[in-house]
Amino acid sequence: MNSKLFRNLEILGIPVVFLFASFLHFLYDITGKSVLGSLFGSVNESVWEHLKIFFIAYVFWGFVELLWARPKLSEFIFAKAVGVYILCFLIALFFYIYTFFTGKAIFIVDIIASLLLTCLAHIVSYRLTLWQGNKGQYFALGLMMLFVGFTAVLCFTFYPPKLSLFRDPITGNFGVPPKNIDEGAQVLSEVFAQKTTAS
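Conventions adopted
Residues numbered from 1 in each chain as written. Predicted model: local features only at pLDDT ≥ 70, side-chain atom pairs only at ≥ 80, totals over all residues. Heavy atoms only, no water. 1 Å grid on protein atoms, 1.4 Å probe; cavity = no way out; pocket = protein on both sides within 12 Å on 5 of 7 lines; lining within 4 Å. Points joined across faces, edges and corners; volume = space filled by probe spheres on them. Helix = DSSP H or I, 4+ residues; strand = E, 2+ residues; numbered from the N terminus. Nonpolar A, V, L, I, M, F, W, Y, C, P; charged D, E, K, R; others polar. Buried < 20%, exposed > 50% of the residue type's maximum accessible area, 1.4 Å probe, protein only. Contact = heavy atoms within 4.5 Å. Polar contact = N/O pair within 3.5 Å; in protein donor to acceptor, adjacent residues only side chain to side chain. pLDDT = per-residue confidence, 0-100. Salt bridge = Lys/Arg side-chain N within 4 Å of Asp/Glu carboxyl O. Phe/Tyr/Trp six-rings, centres within 6.5 Å; stacked < 30°, edge-to-face > 60°.

Draft legend 1. A look at the layout of surface pockets. Put simply, the largest pocket is a space of about 890 Å³. What lines the largest pocket is a set of 31 residues, and nearest its centre among them are Glu45, His50, Phe95, Ala105 and Asp110. Within the residue set of the lining of the largest pocket, elements represented by two or more residues are α1 (3–30), α3 (47–69), α4 (73–102) and α5 (107–130). Partitioning the lining of the largest pocket into residue classes produces 19 nonpolar, 8 polar and 4 charged.

Right under this line is the structure:
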């Protein structure tokens with residue numbers, strides 16, 4: 001492995017992953033709500049769909065690194081699996097913590113946090129790839145983590161659990177929006193339901 005090239009790719013990956021995830025956020029609409037857009041893009045504004053696009057962008061860049069810098073596969077897979085799980089977990093955790101206090105999502109805070117956490121994920125994967133204790137014995141674990149992650153990413157868009165993580169805060173829908181949805185009615189229904197619950 002070319003260690004210097006690998007380090008530079010990890011650094012370059014920070015803005016690339018962030019920008020690619022930003023592109024994937026609009027892919028569903030760009031492709032006219034196609035199946036391809038549903039699989040790889042964000043179909044709504046739920047926390048899960050944002051985790052999904054960062055997961056895909058991070059793993060995609062890992063594949064580029066693998067082809068370009070040629071790190072040892074058995075060590076690299078585990079490092080990238082840990083990195084992407086840390087990225088997704090911390091994005092969700094940070095979002096729920098700060099919105100608990102603010103009561104709402106703040107766009108600029110989400111952007112800055114996502115960029116910083118992407119940076120952290122690349123630092124972790126870089127360190128783990130070069131870690132002397134990582135001699136390939138965790139390869140199967142890393143492979144399983146990536147398989148479970150991809151399975152969840154591909155399935156939960158179409159069959160989301162009825163949990164707040166998967167709920168679109170704008171429409172109240174889960175997963176792919178139904179055709180001909182009246183979003184205005186959805187929002188009004190949500191507001192009315194909240195007021196009824198409060199009273």
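Draft legend 2. Structural detail: the environment of Ser125. Take Ser125: it is sitting in helix α5. By relative accessible area, which is 0% here, Ser125 ends up buried. Sequence separation between Ser125 and Val82 is 43 residues, and the spatial gap between their C-alpha atoms is 6.9 Å. Excluding anything up to four places from it in sequence, Ser125 contacts Glu10, Tyr58, Ala79 and Lys80. For Ser125, the side chain forms a polar contact with the side chain of Glu10, separated by 2.7 Å.

Draft legend 3. Region of the structure containing the side chain of Ser42. Mapped onto the secondary structure, Ser42 falls in the loop between α2 (35–40) and α3. A distance of 2.7 Å separates a polar side-chain atom of Ser42 from the backbone oxygen of Asn44. Sequence-distant contacts of Ser42, that is, excluding residues within four places in its chain, are made with Leu24, His25, Tyr28, Glu49 and Ile53.

Draft legend 4. Broad picture of the confidence of the model for the protein. Averaged over all residues, the pLDDT of the protein is 89; the fraction at 70 or higher stands at 89%. Averaged pLDDT values over the elements of the protein bottom out at 51 in helix α7 (residues 183–198) and peak at 96 in α3. Within the model, the stretch residues 180–188 combines pLDDT values under 50 with 7 contacts to residues more than four positions away or in other chains.

Draft legend 5. How the structure looks around the pattern of salt bridges. Inspection of every chain in the model, using the stated rule, returns 4 salt bridges. Glu10 is the salt-bridge partner of Lys80, the closest N and O atoms lying 2.9 Å from each other. Placement of Lys80 in helix α4 and of Glu10 in helix α1 is noted, with a sequence separation of 70 residues between them. Note on accessibility: Lys80 and Glu10 belong to one class, buried. Note that Glu49 is salt-bridged to Lys52, the shortest N-O span being 3.3 Å. With Glu49 and Lys52 both in helix α3 and 3 residues apart, this pair spans about one turn of that helix. Glu49 sits in the buried class, given a relative accessible area of 1%. Relative accessible area serves as the criterion here: at 1%, Lys52 is assigned to the buried category.

Draft legend 6. Representation of the packing of aromatic side chains in the model. This structure, assessed with the given rule, holds 15 aromatic pairs. Judged by centre distance (5.1 Å) and plane angle (40°), the ring pair of Trp48 and Phe166 falls under tilted. Taken together, the positions of Trp48 in helix α3 and Phe166 in the loop between α6 (139–156) and α7 put the pair 118 residues apart, joining distant regions of the chain. Each member of the pair, Trp48 as well as Phe166, is classed as buried. An aromatic cluster is present here, built from Phe94, Phe95, Tyr96 and Tyr98 joined pairwise through their rings.

Draft legend 7. Focus on unusual backbone geometry. One non-glycine residue, Lys33, adopts positive backbone phi at about 60°. Looking at the secondary structure, you find Lys33 in the loop between α1 and α2. Given a relative accessible area of 51%, Lys33 falls into the exposed group. Unusually for a residue other than glycine, Arg70 sits at a positive phi of about 55°.

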